[in-house]
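Residue-level listing of the chains:
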Amino acid sequence: MKIPQYLQIKLASLGITDLKDQLINEGYLNLFAKLRLAYPSLGYNALFDLYKINTGKNIPFSNDLKQKLILEFKSLPPIYPLLPEASIRFYLNEAEKQAHFALGKNEVPIGAVIVHEGKIIGKGYNQTRTKQDILCHAEIQAIREAQIYLDNFRLDNCDIFVTLEPCLMCSGAIIHSRIRRLVFGALEPKTGACISQHQVFANKKTNHHCQVIGPIDQAHFSELISNFFREPSNL
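Because the structure is predicted, anything quoted here is derived from the model rather than measured.

Novice: Can you break down the overall build of the protein residue by residue, with the values?
Specialist: Secondary structure assignment for the protein yields nine helices and five strands. C-alpha atoms of the protein, sized along the principal axes, occupy 70 × 35 × 30 Å. Looking at the protein as a whole, 43% of its 235 residues are labelled buried. Residue pairs at least 24 apart in sequence account for 56% of intrachain contacts in the protein once pairs closer than 6 positions are excluded. In the structure as shown, the protein presents an accessible area of about 12,900 Å², 53% of it carried by carbon and sulfur atoms. Of the side-chain charges in the protein, 26 are positive and 22 negative, and the distance between the mean point of each set is 7 Å.

Novice: If you had to explain the sheet that holds strand β2 (residues 119-125) to someone new, which residues and values would you point to?
Specialist: Across the sheet, which stays open at both edges, the five strands sit in the order β2-β1-β3-β4-β5 with mixed pairing between neighbours. Lying at the two open borders of the sheet, with one neighbouring strand each, are β2 and β5 (211-213). When strand polarity is set aside, the average angle formed by the axes of neighbouring strands in this sheet is 20°. Taken together, the six bridges between strand β1 (residues 111-116) and β2 define a ladder with antiparallel strand orientation. Directly across from Ala112, in β2, lies its bridge partner Gly124. Of the strands in this sheet, β3 (158-164) and β4 (181-186) touch helix α9 (residues 218-229), which is tilted by about 75° from β4.

Novice: Please provide a residue-by-residue account of the packing of helix α5 (residues 85-104) against α9, values included.
Specialist: The relative placement of two packed helices is expressed as an angle between their axes plus a distance between the axes. Closest axis-to-axis distance for the α5/α9 pair is 11 Å, and the angle between their directions is 5°. In terms of axis orientation, α5 runs roughly parallel to α9. Contact residues: Leu92, Glu96, Ala99, His100 and Leu103 in α5; His220, Phe221, Leu224 and Phe228 in α9. Looking at the contact of α5 with α9 residue by residue, the class counts come to six nonpolar, two polar and one charged.

Parameters at a glance
Residues numbered from 1 in each chain as written. Predicted model: local features only at pLDDT ≥ 70, side-chain atom pairs only at ≥ 80, totals over all residues. Heavy atoms only, no water. Helix = DSSP H or I, 4+ residues; strand = E, 2+ residues; numbered from the N terminus. Buried < 20%, exposed > 50% of the residue type's maximum accessible area, 1.4 Å probe, protein only. Contact = heavy atoms within 4.5 Å. Areas by Shrake-Rupley, 256 points an atom, 1.4 Å probe, with all protein chains shown as cover. Lys, Arg positive; Asp, Glu negative; His and termini not counted. Charge placed at Lys NZ, Arg CZ, Asp CG, Glu CD. Pairing = 2+ DSSP bridges. Axes fitted to C-alpha atoms, helices over the stretch in contact; angles between N-to-C directions. Parallel < 35°, antiparallel > 145°, perpendicular 65-115°, else oblique. Nonpolar A, V, L, I, M, F, W, Y, C, P; charged D, E, K, R; others polar.

This is the structure we're talking about:
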């Protein structure tokens with residue numbers, strides 16, 4: 001099937017010259033998602049055209065097939081513009097500062113910050129022992145502070161940076177608060193709910209999807225935790 005000119009122009013702007021090879025590597029759904037990221041107003045006709053090109057069949061589309069393709073696209077994990085590496089390092093470093101505050105109070109050293117439009121609007125560190133409250137994880141503390149700042153329980157267009165892979169409780173809070181993106185420093189093999197023990201964010205049936213990036217630097221960000229639990233009194 002011939003590639004429509006509008007699609008050729010948009011693909012070329014992304015440096016895609018071999019559409020057939022790209023479809024094999026990414027699939028038509030992911031390729032449409034990438035185009036939609038670059039061109040937010042791009043209509044679903046591009047999705048239908050990519051489907052036709054992928055199948056090699058220039059057939060009329062029924063409403064049922066159109067709805068099926070649209071639903072499949074909407075079920076994909078979210079794709080956002082790539083964060084600059086310098087930004088990731090900066091905000092994880094800010095989260096690490098929070099982890100050191102926890103360490104200074106003999107708390108499990110985990111820290112988190114929430115960023116909105118380039119500004120840190122929420123900070124938190126683990127305080128479960130100090131406050132005798134299991135809810136006082138770093139992520140929950142940061143979420144509470146960010147909600148107060150925005151005067152809204154929804155944290156749309158916010159990113160959370162955490163030194164350690166969040167647990168089930170914190171992963172649920174991140175999803176319910178509608179945080180856009182989660183970046184974490186190290187895996188938590190015992191309780192991690194992103195990759196290690198559970199894959200909460202991979203559930204396509206939830207009403208909100210959060211992009212997950214991590215681990216960023218396993219050796220570095222796990223060191224504080226490892227050192228903390230080497231002390232018998234902290235076990």
